[in-house]
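Architecture and fold: a report
Take a look at the letters that make up each chain.
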Amino acid sequence: MRPARVLLVGYEDQDNLGLRYLASRLREAGHEPRLTGFREGPAAVVDAARAFRPDVVGLSLIFQFYAPRFAEVVAALRASGLSAHLCVGGHFASFEPGRVLAGMPGLDSVVRFEGEDSLVALAERVVAGREWRDLPGLACLADDGTLVETGAAPAREDLDTLPWPERDDIDYASKALPMASMLGSRGCPWRCSFCSIITFYEGNGTRGRRRRDPQRVVDEIEFLHRERGVEILLWQDDDFLAGGPAATRWAHDIARELQRRGLSRAMRWKISCRSDEVKESVLAPLVDAGLTHVYLGVEAGSDDDLKRLNKLLRSDVHLRAGDVLRNLELSFDFGFMLLNPWSDVASVRANLAFLREFVGDGASAAGFCRMLPYAGTPAAARVAAEGRLIERGFDVDYRFLDPRLDRFYDWTLHGLGSRNAGSVHGTWNLLRLLSYEAHLDLPGHPRDEDIVDASRALIAESNELMISVTEQALDLIESGVEDLLDPELEALREVHAEGDARMVAAAQRQLARRSAGSARIHAVR
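Residues numbered from 1 in each chain as written. Predicted model: local features only at pLDDT ≥ 70, side-chain atom pairs only at ≥ 80, totals over all residues. Heavy atoms only, no water.

Moving on: the pattern of salt bridges. According to the stated counting rule, one finds 48 salt bridges in the structure shown. Residues Arg 256 and Asp 253 are paired through a salt bridge, measuring 2.3 Å at the closest nitrogen-oxygen approach. Of this pair, Arg 256 and Asp 253 both sit in helix 9 (residues 244-260), three residues apart, which is roughly one turn of that helix. Since its relative accessible area comes to 48%, Arg 256 is described here as partly exposed. When its relative accessible area of 33% is taken as the criterion, Asp 253 is described as partly exposed. (Salt bridge = Lys/Arg side-chain N within 4 Å of Asp/Glu carboxyl O. Helix = DSSP H or I, 4+ residues; strand = E, 2+ residues; numbered from the N terminus. Buried < 20%, exposed > 50% of the residue type's maximum accessible area, 1.4 Å probe, protein only.)

Structure representation (structure tokens):
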């Protein structure tokens, strides 16, 4: 059997480790993988397929809202005459294979849940011209259009049996500040209602969190630093500290090994975790080993919302975590859902008041989104059971229980402009970058306390503008204003737009000042 040529396609901002683990597993099995990034239209993917002539094309559908774009890619590949086997993987495809196959008619199969071994087996069957529909870990449509799902593929309990993710195509050394993504574990023991992580891995036959051996983790880090020039690590673990005392010991073992090998002096890293895991005794050894930034899964400040989201903590825990991060002089940012399907006016007010208390001092940039009930989450099941789940193609939506909140949410999209936008140019992301850059301390990129102070003052001003304008808009809408172009609401929008533009300009000046005082500057989002 000749090696299979497999074109792997996915969104890549930071290293897409999902694709890269697939690539390394394929290469380990003797096949020829090639990666191509995807962001906008399908033209680049079609060109890559024509040049590579793959036997299999694998699409990595990380985000459900990207599904329509991937449908365009599938259609364009088939229209170009490509006869290769087309498959797709990822959370959404794993939970809703029938919906994905029906919505992307050119697809042949869905690779469900963890796909390293399933994709190798599929590629080998395809290139050999053998039947593949009975392979575990797949879904496809029968000739009569019915959905066929095979059983789950055997899971890798020991993640260290997988080869390191393929990175040969990445030129880290050419970056001003070389940055790489890193994965020390898979899975999460928590059951937050808005999250599909635990249900994804349960579908794969694994529960909780599987952690790699600390020595082998640091072997990979040392290679990335000494051989590839990497200086910034972005841990992609869903929760770097999840798992109680055993997880803390694991994290501390990694920190000690980084120090023992002399890697803590020349490398900095960021992690994601929950607020109730943030304790000085837990984080201080990590800071000594290079931790510089923490992403907190805050999600809500209303105790009612935290209960609805099954976060299993109260808002005061978030506040204490913020104090610990300030004491350790770490930069941090956080996820926040101002609205969810069960929000009421009181919970929105509590969330806004929390934001002011939590980051009114500018320690972190405040921003927010609303919760969407994505496939595979308990929240989606609950909204559907209530008869409120709205599906439009691949998109999901809902109406709030209080119609005033529908108008309020629409106003936040209109009135706050690009502040909460997901693009790199949104004010929220710009301020997060400024905070990160101000705190970062590396050889050739020393921390500047004047810029730290200036950035905090600017972020505090921006946070207060956003919170106060949003509170006033909520007051007007609660009082009965229905027209989003009402003069008072329009005045609030203009106040925010004017102030936001001024603060964006100030943030850009601070970033330029930071760049001028440093040999390097880099964006970490």
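Following the structure, the description resumes.
On the surface, Ile 62, Phe 63 and Phe 65 cluster together to form a nonpolar patch covering roughly 260 Å² of accessible area. Looking at the secondary structure, you find Phe 63 in the loop between strand 3 (56-60) and helix 3 (67-79). (Patch = residues over 30% accessible without salt bridge, like charges linked within 9 Å, V, L, I, M, F, W, Y side chains within 5 Å. Areas by Shrake-Rupley, 256 points an atom, 1.4 Å probe, with all protein chains shown as cover.)

What follows concerns the environment of Asp 13. The residue Asp 13 is located in the loop between strand 1 (5-10) and helix 1 (17-28) in this model. The partly exposed category is assigned to Asp 13, whose relative accessible area is 34%.

As a further point, take the confidence of the model for the protein chain. When the pLDDT values of the protein chain are averaged, the result is 94; 98% of them are 70 or greater. Scored below 50 in pLDDT, residues 521-525 shows 22 contacts in the model against residues more than four places distant or in partner chains. (pLDDT = per-residue confidence, 0-100. Contact = heavy atoms within 4.5 Å.)

With that settled, the discussion passes to the sheet that holds strand 13 (residues 291-299). Strand order in the open sheet formed by six strands is 8-11-12-13-14-15, with parallel pairing between adjacent strands. Single-partner strands in this sheet number two, and they are strand 8 (179-182) and strand 15 (369-370). Both strand 12 (residues 268-273) and strand 13 contribute to a ladder of five bridges, which runs parallel. Paired with Trp 269 across the two strands is Leu 291, which belongs to strand 13. Against the sheet, helix 12 (residues 315-327) engages strand 13 and strand 14 (331-339), with an angle of about 170° to strand 13. (Pairing = 2+ DSSP bridges. Axes fitted to C-alpha atoms, helices over the stretch in contact; angles between N-to-C directions.)

Quick look at the packing of aromatic side chains now. By the definition in use, this model includes 24 aromatic pairs. Note on Phe 95 and Phe 113: the rings are 6.1 Å apart at their centroids and 75° apart in plane angle, and the pair reads as edge-to-face. Taken together, the residues span a long stretch of sequence, with Phe 95 in helix 4 (residues 91-95) and Phe 113 in the loop between strand 5 (109-111) and helix 6 (116-128) at a distance of 18 residues. For Phe 113, a relative accessible area of 11% puts it in the buried group. Members of the aromatic cluster, connected to one another through ring pairs, are Tyr 11, Phe 38, Phe 63, Phe 65, Tyr 66 and Phe 70. The ring of Tyr 21 has Arg 186 lying over it, and the distance from NZ or CZ to the ring centre is 5.1 Å. (Phe/Tyr/Trp six-rings, centres within 6.5 Å; stacked < 30°, edge-to-face > 60°. Lys NZ or Arg CZ within 6 Å of the ring centre and 35° of its normal.)

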